[in-house]
Amino acid sequence: MQQHLQSPAAPLPTEHRAPRRRTGRLAGAAAALAAVIGLGTLTSPGAHAADNPYERGPAPTVSSIEALRGPYAVSETSVSSLLVSGFGGGTVYYPTSTSDGTFGAVVVSPGYTADQSSMSWLGPRLASQGFVVFTIDTLSRYDQPDSRGRQLLAALDYLTQRSSVRTRIDSTRLGVMGHSMGGGGSLEAAKSRPSLQAAIPLTPWNTDKTWPEVRTPTLIIGADGDTIAPVSSHSEPFYTSLPSTLDRAYLELNSASHFTPNSNNTTIAKYSISWLKRFIDNDTRYEQFLCPIPRPSTTIEEYRGNCPHTS
Ligand code: 9J3
Ligand code: ZN
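Fair warning: this is a prediction, and the values are worked out from it, not measured in the lab. (Residues numbered from 1 in each chain as written. Chains lettered and ligands numbered in written order. Predicted model: local features only at pLDDT ≥ 70, side-chain atom pairs only at ≥ 80, totals over all residues. Heavy atoms only, no water.)

Assigned secondary structure in the protein chain consists of eight helices and nine strands. For the protein chain, with 311 residues in total, the buried portion stands at 54%. The contacts in the protein chain between residues at least 6 apart in sequence include a share of 70% that link residues at least 24 apart. Accessible surface for the protein chain amounts to roughly 13,500 Å². Of this, 53% is attributable to carbon and sulfur atoms. (Helix = DSSP H or I, 4+ residues; strand = E, 2+ residues; numbered from the N terminus. Buried < 20%, exposed > 50% of the residue type's maximum accessible area, 1.4 Å probe, protein only. Contact = heavy atoms within 4.5 Å. Areas by Shrake-Rupley, 256 points an atom, 1.4 Å probe, with all protein chains shown as cover.)

Shown next, in the form of structure tokens:
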């Protein structure tokens, strides 16, 4: 693994953005001169420059991925069910700034009988790290996982093609998440749309136990105390049935229940952020949190996986 140098404190957003852009006539003239005489641009990022065009935000640390908020200020906009089709509307959380280019996007489905509010904590927590996050309502609270999978895809299509934030999104860099039947739905969505870059089912529930068709890097998060979608009959067989050649991982939360994903949870957040960054943004700076495989702890009952395949 490559070396990742880290500053002792995570820079403030203004600190990491400030050096990236110079404005005004003088800078414009300097840039024009540089272009004429064949120098690199004066507006390029500094020391940890982006070989990777999808990299966003400062170099991560354990504290930065565990923090309640990342470096980006977040705005939100509500999407009425009356103005969309194929899913039930929702709320989009997105980085307020447009000065860092486009972002990857992820849609999140709730579980059986629940609505978007059951997953709302993930909106600002993920968006502040540099993603457009769409927590959705389903057409009916009783929709099954296959329907939730289709609704996740309809919501992604709305988000990238028609929503007010569509120009802020890189439509080639998309992911899905969901709780319970919504987690089962994220597996369905990945199975039917292999171009998805990441899937994270949370205490997923599905009657289909086998997912060899999935080509999307998938992190399955189960809970040791789940009696509604027990890991032995849901998360574990789902994980085991994914192709062994796929970038895949299974994280079993310690002392957790089926409903742990419905509240702010740092273990879910830090590994979700790392997975989305690694596979939606191709950001290898986050590999350090996924590889070597995390060891059991007070929060992790078990972790299985292969280290990400490319670096
Ligand atoms: O979405 C879920 O919480 C699925 C678990 C469930 O309630 O299944 C019973 C049919
Ligand atoms: Zn199957």
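On we go from here.
Now for the coordination of the zinc ion (ligand 2). A four-donor tetrahedral metal ideally has 109.5 degree angles, and a six-donor octahedral metal ideally has angles of 90 or 180 degrees. Distances from the zinc ion (ligand 2) to its protein donors, Asp 208 (OD), Asp 208 (OD), Thr 210 (O) and Thr 210 (OG1), fall within 2.0 to 2.6 Å. Geometry at the zinc ion (ligand 2) is irregular, judged from the four donor atoms that bind it and their angles of 53 to 137° at the metal. Note on Asp 208: relative accessible area 25%, which makes it partly exposed. A relative accessible area of 43% places Thr 210 in the partly exposed class. (Donors = N, O, S within 2.8 Å, 3.2 Å for Na, K, Ca; no water. Tetrahedral: all angles 85-135°; square planar, octahedral: opposite > 155°, others 65-115°.)

Let us look at the sheet that holds strand β6 (residues 198–202). Ordered by their spatial adjacency, nine strands build an open sheet running β1-β2-β4-β3-β5-β6-β7-β8-β9, and the pairing between neighbours is mixed. Of all the strands in the sheet, the pair left with one neighbour each is β1 (74–79) and β9 (300–305). Each adjacent strand pair in this sheet contributes to an overall mean axis angle of 15°, direction not counted. In this sheet, strand β4 (residues 131–136) lies alongside strand β3 (residues 103–109) in parallel orientation, the contact comprising five bridges. By the bridge assignment, Gly 104 is partnered in β4 with Phe 131. On top of the sheet, helix α5 (residues 145–161) reaches β1, β2 (90–95), β3, β4 and β5 (169–179); it is set at about 150° to β5, its chief contact. Where helix α8 (residues 266–280) meets the sheet, its contacts fall on β3, β4, β5, β6, β7 (218–223), β8 (248–253) and β9, and the angle it forms with β6 comes to roughly 160°. (Pairing = 2+ DSSP bridges. Axes fitted to C-alpha atoms, helices over the stretch in contact; angles between N-to-C directions.)

Enumeration according to the criterion identifies 10 aromatic pairs in this entry. Considering the side-chain rings of Tyr 72 and Phe 103, the 5.3 Å spacing of their centres and the 80° angle between planes classify their relative orientation as edge-to-face. Here Tyr 72, found in the loop between α3 (62–66) and β1, pairs with Phe 103, found in strand β3; they are 31 residues apart in sequence, far enough to count as distant. By the burial criterion, Tyr 72 is buried, and Phe 103 matches it. Measuring from ring centre to ring centre gives 4.6 Å for Trp 275 and Phe 279, while their planes differ by 50°; the resulting arrangement is tilted. (Phe/Tyr/Trp six-rings, centres within 6.5 Å; stacked < 30°, edge-to-face > 60°.)

With that out of the way, let us pick up the environment of Leu 276. By the secondary structure assignment, Leu 276 is in helix α8. The spatial distance from the C-alpha of Leu 276 to the C-alpha of Leu 219 is 9.5 Å, given a sequence separation of 57 residues. Leu 276 has contacts with Val 106, Leu 126, Phe 131, Met 177, Ala 198, Ile 200 and Asp 281, leaving out every residue within four places of it along the chain.

Within the element layout of this structure, Ser 163 appears in the loop between α5 and β5. Taking the relative accessible area as the measure of exposure, Ser 163 reaches 2% and is therefore buried. Polar contacts involving the side chain of Ser 163 include one to the main-chain carbonyl oxygen of Leu 159, which spans 2.6 Å. (Polar contact = N/O pair within 3.5 Å; in protein donor to acceptor, adjacent residues only side chain to side chain.)

A word on the pattern of salt bridges. If you walk through the whole model with that rule in mind, you get 11 salt bridges. Where Arg 278 meets Glu 287, a salt bridge forms, and the shortest distance between an N and an O atom there is 2.8 Å. Neither Arg 278 nor Glu 287 differs from the other in exposure class; each is buried. Taken together, the shared-partner salt bridges in this structure form one network comprising Glu 55, Asp 283 and Arg 285. (Salt bridge = Lys/Arg side-chain N within 4 Å of Asp/Glu carboxyl O.)

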